[in-house]
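# Residue-level structure breakdown
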Amino acid sequence: MLAHMIVLTVTLTAALPALAEDATADATRPIKIVVLGDSLSAGLGLSANDAFPAKLQKFLKDKGIGIDIGNAGVSGDTSSGGRDRLEWSVPEGTDGVIVELGANDALRGIDPAVTRAALSDIVSRLKARGIAVLLCGMLAPPNYGSDYAARFNSIYPDLAKSFGVALYPFFLDGVAADAKLNQADGIHPTSAGVDIIVSRIMPTVEAFLSSIRGQRR
């Protein structure tokens, strides 16, 4: 019996440094983020380095924050499209997902109930995988009327509250409808427009990353 206890003690003593090293490595490795979105985050009309994920990563790295951000934006994608490709767009080992979807739903006048269901499914499935979520809101254009806008615009705060996830209320805040910050189509931000988006969303992203780091400890 005593011999068994001695062997167990020696084994545990030998294992503790390895466990401590694993915990340290996990705490210090770069946070892996995926931006699941449409053309607004994919960077339609821009170089890869000017797209939102790349600029966000550079901004954070310049501040000394270790991070790896993947661009899973698909131009023309709706919330339902993002849901359908969720599994292969967000690989194992992802710590958090910034969900930027819904603009095409609003532009096409898709029933807000459909958009709500798709986004709800995305958030639910990510949380089930233990992946943190930052939901970026979108606002409906005025041409579909106030009733449609009310039903659509409430989707994002409602889901953030019900699922307990982070929310950035309007992805295009400070950029929408500003001709100087948008390309010729009046919809997609220029490189300067992306800079504004990154600067405005930064406090929310930093709080999001802080919560992820806290969960690693």
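Anything mentioned here points back to the structure above.
Below is a short write-up of the structure. Every chain begins its residue count from 1, and numbering advances along the sequence as written. With pLDDT at 70 or above as the cut-off, local features in this predicted model cover only qualifying residues; side-chain atom pairs require 80 or more to be listed or tallied, and sums for whole chains, interfaces and linings still use all residues. Heavy atoms throughout the structure, all of them, feed into the side-chain values; hydrogens and water do not.

Another point: the packing of aromatic side chains. Stacked, tilted and edge-to-face are the three classes applied to pairs of Phe, Tyr and Trp rings, where Trp contributes its six-membered ring and a pair requires centres within 6.5 Å; stacked means planes under 30 degrees apart, edge-to-face means over 60, and tilted covers the rest. Inspection of the entire model under this criterion finds 4 aromatic pairs. Ring geometry for Phe 52 against Phe 171: centres 5.1 Å apart, planes inclined by 80°, an arrangement best described as edge-to-face. Of this pair, Phe 52 sits in helix H3 (residues 52-62) while Phe 171 is found in the loop between strand S5 (166-168) and helix H10 (191-216), placing the two residues 119 residues apart along the sequence. Phe 171 carries the same exposure label as Phe 52, and that label is buried. Elements are defined by DSSP. Helices are runs of H or I of four residues or more, strands are runs of E of two residues or more, and each kind is numbered from the N terminus. Residue burial is assigned from relative accessible area. The probe radius is 1.4 Å, only protein chains are included, and a residue is buried under 20% of its type maximum, exposed over 50%, and partly exposed in between.

The subject of this paragraph is the sheet that holds S5. Pairing between two strands requires that DSSP report at least two bridges joining them. Taken together, the 5 strands give an open sheet; going across it, the order is S2-S1-S3-S4-S5, and neighbouring strands pair in parallel fashion. Every other strand in the sheet has two partners, leaving strand S2 (67-73) and S5 as the edge strands with one partner each. The average angle at which neighbouring strand axes cross in this sheet is 20°, direction not considered. Two strands pair when backbone bridges link them, and strand S1 (residues 31-37) and strand S3 (residues 96-100) are joined in this way by 5 bridges, in the parallel orientation. Every axis in this analysis is a line fitted to C-alpha atoms, fitted for helices over the stretch in contact. Angles between the N-to-C directions lie between 0 and 180 degrees.

Moving on to the pattern of salt bridges. Only one rule defines a salt bridge in this text: a Lys or Arg side-chain nitrogen within 4 Å of an Asp or Glu carboxyl oxygen. For the coordinates displayed, the defined rule picks out 15 salt bridges. In this structure, Asp 77 and Arg 85 form a salt bridge, with 2.5 Å as the shortest nitrogen-oxygen distance. By the burial criterion, Asp 77 is buried, and Arg 85 matches it.

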